[in-house]
Amino acid sequence: MKHIENLPRIIQGGMGIGVSNWRLAKSVAQCGHLGVVSGTALDSVISRRLQNGDDGGHVRRALSHFPWPEVAERVLEKYFIDGGKTASESFRLEPLPSLQMRKSLLDLIVVSNFVEVFLAKEGHDHAVGINYMEKIQLPLLPSLFGAMLAGVDYILVGAGIPLSIPGILDGLASWKTVELRLDVENNVDRSEFNFRFDPAEYAVDNQPALSRPNFLAVVSSEIVAKSLIRRASGTVEGFIIETPEAGGHNAPPRKRANADPSEPAGFGPKDIPNLERIQA
């Protein structure tokens, strides 16, 4: 693990779809703390902002800074409605991400993550992070790329054990093709499925420099922290420790020996993370 200068006193949580948006993250960052935007479903968030007329022109302003104008223009042409759609009109939707993802959806995911991070970082020099859930795997690689294009400072990942993310960040920073092994339920044959993403497809010649952001894993035990240090594909800069009271995507309660089966299952002393061991 490498030393991080100017550690933030407060790390603002990545709260759900559109809750920890760019405005909140920017305000927190400007106070000298780590503002964090939620990276969940940003393709839907940004496309709906455009279809609602992009009040204030913030999305369009961010898009004007996207490295490849033709990609930004395609997104605008498809989703922007001047004055916004009527209340009776439905939102235009993209299909859910899949292993063979159509190019238009990839573009939207990359652009949307760029937009949210760009707006959160606009007008100040403080650090901004973005939060993802490891269990939402299919949009993760293009999302990371979009956030890195906007100069995101920290990547926060929880809701799983993100062993492969540090190495993926290294690869994207070097414009290399990256892969994420997918967890597939009911996979009785134990076939391997991998999502591949090649950032060079966006820029064969014009490849802007990408900084590798700091990686913070959200963990709930010293066991998971130790696994990440030993087995992660790259450097882990730090941990965010969540207790059972976190109210997020907590790990399930650990089994208690000699527990009374008549008592409801719940969190116990074994579920409290040992901060001294993690710190060591």
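Everything that follows concerns the structure shown earlier in this document.
Since the structure is predicted, the reported quantities are computational estimates derived from the model, not experimental observations.

(A) Molecular detail of the overall build of the protein chain. Per the secondary structure count, the protein chain includes ten helices and seven strands. Counting the 280 residues in the protein chain, one finds 46% classified as buried. Carbon and sulfur atoms provide 49% of the accessible area of the protein chain, an area that totals close to 15,100 Å². Side-chain charges of the protein chain comprise 29 positive and 33 negative groups, with the mean position of each set lying 3 Å from the other.

(B) Representation of the sheet that holds strand 2 (residues 128-133) in the model. Judged by pairing direction, the sheet is parallel, and its five strands sit side by side in the order 1-2-3-6-7 without closing on themselves. Lying at the two open borders of the sheet, with one neighbouring strand each, are strand 1 (35-38) and strand 7 (238-241). Strand-to-strand twist in this sheet, taken as the mean axis angle between neighbours without regard to direction, amounts to 30°. Note that strand 3 (residues 154-158) and strand 6 (residues 214-219) share four bridges and pair parallel. Directly across from valine 157, in strand 6, lies its bridge partner alanine 217. In this fold helix 7 (residues 140-149) packs onto strand 2 and strand 3, with an angle of close to 175° to the strand it touches most, strand 2. The sheet strands contacting helix 9 (residues 222-231) are strand 6 and strand 7, and the helix crosses strand 6 at an angle near 150°.

(C) Fine view of the packing of helix 3 (residues 42-51) against helix 5 (residues 69-79). The N-to-C vectors of helix 3 and helix 5 enclose an angle of 60°; their axes lie 9 Å apart at closest approach. Relative to helix 5, the element helix 3 is oriented oblique. In this structure, helix 3 crosses over helix 5, and the sense of that crossing is right-handed. Where helix 3 approaches helix 5, its residues Ser47, Leu50 and Gln51 are matched on the opposing element by Val75, Leu76 and Tyr79. Partitioning the contact of helix 3 with helix 5 into residue classes produces four nonpolar, two polar and no charged.

(D) A nonpolar patch on the surface, seen in detail. Together, Met15, Val19 and Leu24 give the surface a local cluster of nonpolar side chains, amounting to about 240 Å² of exposed area. The topology assignment puts methionine 15 in the segment before helix 1 (16-19).

(E) The pairing of strand 4 (residues 178-181), seen in detail. Where burial is concerned, the two faces of strand 4 differ: the one with Val178 and Leu180 is buried and the one with Glu179 and Arg181 is not. Sheet topology places strand 4 next to strand 5 (residues 194-197); four bridges connect them, and they run antiparallel. In the strand pairing of strand 5, glutamate 179 is matched with arginine 196.

(F) Looking closely at the packing of aromatic side chains. Counting across every chain of the model gives ten aromatic pairs. When the ring of phenylalanine 66 is compared with that of tryptophan 68, the centres are 5.6 Å apart and the planes differ by 75°; the resulting orientation is edge-to-face. In this structure, phenylalanine 66 and tryptophan 68 share a single accessibility class: buried. Taking 5.8 Å as the distance between ring centres and 45° as the angle between the ring planes, the aromatic pair formed by phenylalanine 145 and tyrosine 202 counts as tilted. Taken together, the positions of phenylalanine 145 in helix 7 and tyrosine 202 in the loop between strand 5 and strand 6 put the pair 57 residues apart, joining distant regions of the chain.

(G) Quick peek at the nonpolar core. One finds Phe145 and Phe197 to be the most contacted residues of the largest nonpolar core, which totals 70 residues. Per-element tally for this core: the top contributor is helix 6 (residues 103-121), with twelve residues. Core analysis: the next-biggest nonpolar cluster, separate from the first, contains five residues, Leu34, Val36, Leu156 and Leu216 among them.

(H) Up close: the packing of helix 6 against helix 7. Two elements in contact, helix 6 and helix 7, have axes whose closest approach is 7 Å; the angle formed by their N-to-C orientations is 40°. Relative to helix 7, the element helix 6 lies oblique. For the pair helix 6 and helix 7, the crossing hand works out as right-handed. Only Pro142, Ser143, Phe145, Gly146, Ala147 and Leu149 of helix 7 make contact with helix 6, whose side of the interface consists of Leu106, Ile109, Val110, Asn113, Phe114 and Val117. Here the contact of helix 6 with helix 7 is built from residues that sort into nine nonpolar, three polar and no charged.

(I) Here's a closer look at unusual backbone geometry. The backbone phi angle of asparagine 186 is positive, close to 55°, even though this residue is not glycine. Along the chain, asparagine 186 falls in the loop between strand 4 and strand 5. Under the relative-accessibility criterion, asparagine 186 is labelled exposed at 76%. Of note in this structure, arginine 190 is not a glycine but carries a positive phi near 55°. With respect to the helices and strands, arginine 190 occurs in the loop between strand 4 and strand 5. Note on arginine 190: relative accessible area 75%, which makes it exposed.

Calculation criteria
- Residues numbered from 1 in each chain as written.
- Predicted model: local features only at pLDDT ≥ 70, side-chain atom pairs only at ≥ 80, totals over all residues.
- Heavy atoms only, no water.
- Helix = DSSP H or I, 4+ residues; strand = E, 2+ residues; numbered from the N terminus.
- Buried < 20%, exposed > 50% of the residue type's maximum accessible area, 1.4 Å probe, protein only.
- Areas by Shrake-Rupley, 256 points an atom, 1.4 Å probe, with all protein chains shown as cover.
- Lys, Arg positive; Asp, Glu negative; His and termini not counted.
- Charge placed at Lys NZ, Arg CZ, Asp CG, Glu CD.
- Pairing = 2+ DSSP bridges.
- Axes fitted to C-alpha atoms, helices over the stretch in contact; angles between N-to-C directions.
- Contact = heavy atoms within 4.5 Å.
- Parallel < 35°, antiparallel > 145°, perpendicular 65-115°, else oblique.
- Left-handed = near helix turned anticlockwise from the far one by under 90°.
- Nonpolar A, V, L, I, M, F, W, Y, C, P; charged D, E, K, R; others polar.
- Patch = residues over 30% accessible without salt bridge, like charges linked within 9 Å, V, L, I, M, F, W, Y side chains within 5 Å.
- Salt bridge = Lys/Arg side-chain N within 4 Å of Asp/Glu carboxyl O.
- Phe/Tyr/Trp six-rings, centres within 6.5 Å; stacked < 30°, edge-to-face > 60°.
- Core = buried A, V, L, I, M, F, W, Y, C linked by side-chain atoms within 4.5 Å.

Coordinates in, geometry out; function isn't part of it.
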